[in-house]
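Summary of structural features
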Amino acid sequence: MQENYSPSTIEQAAQTFWDQRNCFKTDLDSDQEKFYCLAMFPYPSGKLHMGHVRNYTIGDVISRYQRMQGKQVLQPMGWDAFGLPAENAAIKHNIPPAQWTKTNIAEMRTQLKRLGFAYDWEREIATCHPDYYRWEQWLFIQLYKKGLVYRKNSEVNWDPIDKTVLANEQVIDGRGWRSGALVERRQIPQWFLKITDYAEQLLNDLDQLTEWPSEVIRMQKHWIGRSEGVELTFAVQGPQADCPAQTVEVFTTRPDTLFGVTYVAIAPQHPLSLYAAKKSAAKNNSTLQEFITAFEKVKVAEADMATLEKAGVDTGLRVIHPLTQEILPVWTANFVLMSYGSGAVMSVPAHDQRDWEFAQKYQLPIKQVIEPTNEAPVDSTQAAFTEKGQLIHSAEFTGLTSVEAFAAIAQHLAEKKCGQRKVQYRLRDWGVSRQRYWGAPIPIIYCDTCGAVPVAEQDLPVRLPTDVKFDASGCSPLKQMPEFYQTTCPCCAKPATRETDTFDTFMESSWYYARYLSPRDTQQMTGENAQKWLPVNQYVGGIEHAVLHLLYSRFFHKLMRDEGLVHCDEPFQKLLCQGMVIAETFYREEASGKKDYIAPQDVEILRDDKGQILSAKHKKDQQPVLIGNNEKMSKSKNNGVDPQIMIDKFGADTVRLFIMFAAPPEQSLQWNDSALEGAHRFLKRVWRLVYQHTQSEYFIPCQKKSAKELTLDNRQKELRSKTHQTLKKAGDDMGRRCTFNTAIAAVMELLNAVSQQSRLCLEDEVVVKEALDISLLILSPIVPHIAHALWQTLGHAENSIDARWPIVDETALVSGQIEIAVQVNGKLRTRFWVDTNTEQKTLEALALNNETVSRFIAEKTVRKVIVVPNKLVNIVVA
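What you are looking at is a predicted structure, and each value in this text was computed from that prediction instead of being measured.

Structural notes on the overall build of the protein
- Helix and strand counts for the protein come out as 25 helices and 39 strands.
- By principal-axis analysis of the C-alpha atoms, the protein measures approximately 110 × 75 × 65 Å.
- Taking all 878 residues of the protein together, 54% fall into the buried category.
- Restricting to contacts in the protein with at least 6 residues of sequence separation, those with at least 24 account for 72%.
- Just so you have it, the protein exposes about 39,500 Å², and 48% of that area is on carbon and sulfur atoms.

Re the packing of helix α3 (residues 84-93) against helix α4 (residues 97-114)
- Close contact between α3 and α4 brings their axes to 8 Å; oriented N to C, the two are set at 115°. In terms of orientation, α3 lies roughly perpendicular with respect to α4. Considering the relative orientation of α3 and α4, their crossing is right-handed. Contact residues: α3 offers P85, A86, E87, A89 and A90, while α4 offers P97, W100 and T101.

Brief notes about the nonpolar core
- Core analysis: the largest hydrophobic core is formed by 180 residues, its most contacted members being Y36, W430, L534 and M560.
- Among the elements that line this core, the one with the most residues is helix α22 (residues 762-779), at ten residues.
- Apart from residues no more than four positions distant in its own chain, L534 is found in contact with K34, Y36, Y513, A514, L517, N529, H557, V566, H567 and C568.
- Of all hydrophobic cores here, the second largest spans 40 residues; its members include V230, V248, F259 and V264.

Re α22
- Relative to the 26 Å expected for 18 residues at 1.5 Å per residue, α22 spans 26 Å between its end C-alpha atoms, a close match to the ideal helical length.
- Taken across its 18 residues, α22 has 16 buried, putting it largely inside the fold.

Considering α3
- Those residues of α3 that sit buried are L84, A86, E87, A89 and A90.
- Buried-residue contacts for α3 involve α4 and β6 (164-166).
- Just downstream of α3, N94 is the residue with a positive phi angle, here 55°.

Topic: the environment of R134
- Tracing the chain through its elements places R134 in helix α5 (residues 130-145).
- On a C-alpha basis, the gap between R134 and S775 in space is 48 Å, while along the polypeptide they are 641 residues apart.
- When residues no more than four places from it in sequence are discounted, the contact partners of R134 are L460, P461 and T522.
- Among the polar contacts listed, one links the side chain of R134 to the backbone oxygen of T522, at a separation of 3.3 Å.

Focus on the pairing of strand β24 (residues 495-498)
- Of the pairings in the sheet, the one linking strand β21 (residues 444-447) to β24 comprises two bridges and is antiparallel in character. The residue bridging Y446 from the neighbouring strand is T497, located in β24.
- In this structure, strand β23 (residues 486-488) lies alongside β24, joined through three bridges in antiparallel fashion. Opposite T488, over in β24, you have P495 as the bridge partner.
- What sits between β23 and β24 in their antiparallel hairpin is a turn of six residues, with A493 showing a positive phi close to 70°.

Some words on the sheet that holds strand β5 (residues 149-159)
- A sheet is described by the order of its strands in space; here four strands give the open sequence β6-β5-β9-β19, paired in antiparallel fashion. Only two strands of the sheet have a single partner each, and these edge strands are β6 and β19 (430-431).
- The pairing of β5 with β6 spans three bridges and is classified as antiparallel. Bridge pairing in β6 places N157 opposite L166.

A few points about the side chain of S800
- Relative to the helices and strands, S800 resides in the loop between α23 (784-793) and β36 (817-824).
- Every residue in contact with S800, bar those within four places of it in the chain, is listed here: S780, A787, H788 and W791.

Some words on a negative patch on the surface
- Side chains of D27, D29, D31 and E528 sit close together on the surface and give a patch of like negative charge.
- Take D29: it is sitting in the loop between α1 (7-20) and β1 (34-39).
- Residue classification places D29 among the exposed positions, given a relative accessible area of 62%.

Quick word on the sheet that holds strand β38 (residues 862-868)
- As summarised here, the arrangement of the four strands in space is β37-β36-β39-β38, forming an open sheet in which the pairing is mixed. The outermost strands of the open sheet, each flanked by one partner alone, are β37 (827-835) and β38. Here the strands of the sheet are splayed against their neighbours by 20° on average, with no regard to which way each runs.
- Note that β38 and strand β39 (residues 872-877) share six bridges and pair antiparallel. By the bridge assignment for β39, V865 is matched with I875.
- Seen against the sheet, helix α20 (residues 714-737) touches β36 and β37 and runs at an angle of roughly 105° to β36.
- Packing of helix α24 (residues 840-848) onto the sheet brings it into contact with β36, β37, β38 and β39, and relative to β38 it is tilted by some 125°.

Structural notes on the pattern of salt bridges
- Within this structure, the stated rule accounts for 47 salt bridges.
- Of the charged contacts, one joins K71 and E33 as a salt bridge, the two residues approaching to 3.8 Å between their closest N and O atoms. Of the two residues, K71 is situated in the loop between α2 (50-68) and β2 (72-74) and E33 in the loop between α1 and β1; the sequence distance between them amounts to 38 residues.
- Given the relative accessible area of 54%, E33 is considered exposed.
- Here D732 and R736 are joined by a salt bridge, their closest N and O atoms 2.7 Å apart. With D732 and R736 both in helix α20 and four residues apart, the pair spans about one turn of that helix.
- Note on R736: relative accessible area 59%, which makes it exposed.
- Salt bridges here are not isolated pairs; linked through shared partners, they connect D205, R554, K558 and E570.

Examining unusual backbone geometry
- Going from L460 to P461, the amide bond is cis rather than trans, its omega being 0°.
- Structurally, P461 is set in the loop between β22 (451-454) and α12 (482-485).
- Cis geometry marks the peptide bond from L534 to P535; its omega dihedral reads 10°.
- With respect to the helices, strands and loops of the structure, P535 is situated in the loop between α15 (528-533) and β26 (536-540).
- Even without being glycine, K417 reaches a positive phi, approximately 60°.
- With respect to the secondary-structure elements, K417 resides in the loop between α11 (402-415) and β18 (419-425).
- We note that C738 has phi near 55°; this positive angle belongs to a residue other than glycine.
- Here C738 shows up in the loop between α20 and α21 (740-756).

Definitions and cut-offs
Residues numbered from 1 in each chain as written. Predicted model: local features only at pLDDT ≥ 70, side-chain atom pairs only at ≥ 80, totals over all residues. Heavy atoms only, no water. Helix = DSSP H or I, 4+ residues; strand = E, 2+ residues; numbered from the N terminus. Buried < 20%, exposed > 50% of the residue type's maximum accessible area, 1.4 Å probe, protein only. Contact = heavy atoms within 4.5 Å. Areas by Shrake-Rupley, 256 points an atom, 1.4 Å probe, with all protein chains shown as cover. Axes fitted to C-alpha atoms, helices over the stretch in contact; angles between N-to-C directions. Parallel < 35°, antiparallel > 145°, perpendicular 65-115°, else oblique. Left-handed = near helix turned anticlockwise from the far one by under 90°. Core = buried A, V, L, I, M, F, W, Y, C linked by side-chain atoms within 4.5 Å. Expected span 1.5 Å × (residues − 1). Polar contact = N/O pair within 3.5 Å; in protein donor to acceptor, adjacent residues only side chain to side chain. Pairing = 2+ DSSP bridges. Patch = residues over 30% accessible without salt bridge, like charges linked within 9 Å, V, L, I, M, F, W, Y side chains within 5 Å. Salt bridge = Lys/Arg side-chain N within 4 Å of Asp/Glu carboxyl O. Lys, Arg positive; Asp, Glu negative; His and termini not counted. Charge placed at Lys NZ, Arg CZ, Asp CG, Glu CD.

So, in C-alpha cells, the structure goes:
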C-alpha cells in the first residue's frame, strides 16, 4: 500500500468499484429481511448545501449499517422537481423551467455520487416527469368519483410575490413560507381534498408512531386540533327579508360559561358582516366597510391571535341568547377567522382573555359566571378567569361544577333544539390548486353543458407543455396557450376548456416513497412491491416538515390504502429529524441600518485558547467586522459553506466523518473548520496505523489463526478486551440509539490503545490486526472509501461493502487481569498486573512493596495512599 493517505485516489477507486459491480442495486424479491431507508428528497436547486450533506449522510450511514446486519436494503434517490424557484429562474434567465430543472438534477446527481452515497440509482424518479405525475392525476380522479375532491370559491392566502395560493401551513407569521411576502386574502375558486374526513384517523393513528419524535407528534396533534364542545345557535333579532341568515351558529368548548355571554363576534368576511356593511353604506356610514376592506389585505395566522391587537366594529345587528333570551350585540372582529368553524364565536369576557381585552377596549359588559372551587376571590375587572370551577349566576345550573355543567347544558340545548354536542377540528381541508405553471396539471375539464368533469383515464397523463415563455407579469403561461386549454368534453364531446391551475407541489412529495418501489410501472400506481416493502423502516428529514410534508404524506397514504394501493396505515415507521447546520455570521451595518453579511471565508478571525472569537476583520480591507450570532447556514446570512470545496480539499470521507462526529443527529451541528481538519487528521492516522501494521515482520495478510485461538499475555488480552467492548458499544450506538458520534469516539479510543501496543511478536500483531479490522468495519458505514481501501490492504477476500457486522466475543469483554499504574506524588513510577476487582488493601500492599516503588519512597513518610479501583495507586509522600 502507499504510505500516505490520498483521498481523491482512493475515493475514485472505491466508487468505480461499486459502480462496476452495481453494489447498491436492491433485489426487492430477496428472501432477506428488508430494510427501507429513505431521506427526504431534495429540490433540484443545482447545488448541494451542508444541510443536504448532513441529511443524506445520516441516511447513508444507517443504510450501510443495516446492510452489514445481513438485510436487503433499499435506499433510493429522486427529485422534488416542481416548484416556484424554477419559474423564478425562468423569468430571470429566460430559460424554460424544464431545461433549468434537468440541468440542476444532473449537477446534483454528480455531487451526491461524489459523496459515495449507496443509492440504487436505477430507481431514480423526478416528479416533473409525466410517467410520475400521471398516477397522481389518476388518483385525483378516483377521489373525485368518491366525493373526496370538491371545488368551491374560497378565501385563500395569496402570495403577491409568487402569485399563487398558499395552504394555511405555508403561511408563517402572516408571510409566504418561500417568498416572505405579506400574504393577502382573496376569494377565488379552488380545488380541495377532504383531509378533514380523515382527521380522526390522522389523530388516532399517531399512537402507532412510537418511533417518531415526541415533538413531531405534539405538533401534529395541535395542528389537527380535536376539541369536544357544543354547537349552538343565536337567533338574529328581527331579520329583514334580505338578511342572509336567520341564526348565528357558534361552537364552544366551554358551555359552562354560556350564561356569561355578553356579545357575539363574527369574522369580517361573515355573510352578516357583509350584509351589515351594505346596510350601513346605504345610510352613508362607511366605517364597517372600511374595516372589512382593510382586513382583507392582511392574512393573520391563527397562531398570532393571542398577540394581535384586538379591533372591531359594531354591526348594528342583534341576536337572542338561546337560554336567557337576552338581546346581545353582534360585532365584527379581527380575531375571528372565517376559515375556522362557522366564522362566529360567543364572547364571554369574564372567562376568556381575548374576549376580555376586546370588551375592555369597547366598554362591553363583563359577567362572571364561574368562580374558583377554592373560594379564592376573582376580580374580572383585572383579567379573565379562564380556569374551570363552579357555576354562579347561571339559573338552574348554578352550583354545578364546570364538568357537570358541560353535560347538563348540552342536554338542555338539545332538548330546546338550539344546540348539540359536537367534535370539531382545527384542521381544514387541503386546498391543492396553485395558479402557477411549473406543476402537475389538474385533470379537470370545464364544459358549459356538463360542468366540471374529470379527464378520461385513457387520456392520462395530462402533459404539462415544456416549451414555454413567461411574460413580465409572471402569470402562468398555460392561461395564454389555447393549444393547451382548448379541448373537448369527455362526456358530450362539445368544445370545453382544461383547468389551468396546477397541483400544490406537496402533492408530489406526499407519495414518492411508494413510487420508488415500481418507478417504471406503466400499468399501475403501485404494485406488489408496495405490499412487501412498506412502510418505510427509517425516514430522515427536518422537523420543519412536521405539519407540511409529514401530515400530507400520512393523509395521502391513507387515501392510497383505501384504494387498495398499499396495505398499512402509516407510511413511515421510524422518523429521525436531523438538526440544522449552523455557522458563525459576520456583517457590517449600512447607513440605512441594513446588515451586509460577509462570508466567513472572507473574514480573518482571532480566537482565544477555547476557540472563542476575540476579533474579526475583513481580509480584503483589514477593517473590523461585526460578529453576529450562530445561525442556520443560508444565503440570506451569507454563512454557507460549499460542500464541494470541502470535498475537493479534504475528501468525501472527511466531510462525512465530521458531519457524523460533530453532534448527535437530532441536534444542531456547529460548523467548525478546525474540527473538519481534525477529522482529516484522524483519517490520516487510521491510514498510518494500517500502514505500520503491514510493514511489520509479523504481518501475514491471510493469517489463519484468530486472536481467540492464541495464548495471549495480559497486555494482549487487555487490547482484545477493549476491542470487543468498543464493538459492543458501537453496535448499540449505531443500531439502537443512532448516536454515531459516540461510536466514532469509541473507535478513536481503541485506536489510541492500538498505537500504544508493543509489536514484539506474532501475538501482538494478531490482536492489533483484530482491533484494526473491527475499527474499519465500525467506521465503514461512515467513511466507506477509506474502509474499502484498507480492508483490502489487510488481506480480506471479501470486500468491505459485503462484510457483515462483526460478532462480539463475550469471553473477551473481561480480560481477567488489568494493568495498574503506580504513581508517587502523581508521577508514574511503574505498572503491574493484577486480577480484575482486586481489593483496595491488596493494591496498596502490592504498590508499597513493589521493588521499583521502594526506591522512591525510601527514607520518606507516606502521608496517604489513593486507590482508583482497576486503574491506579498514587502514593503521597513527604
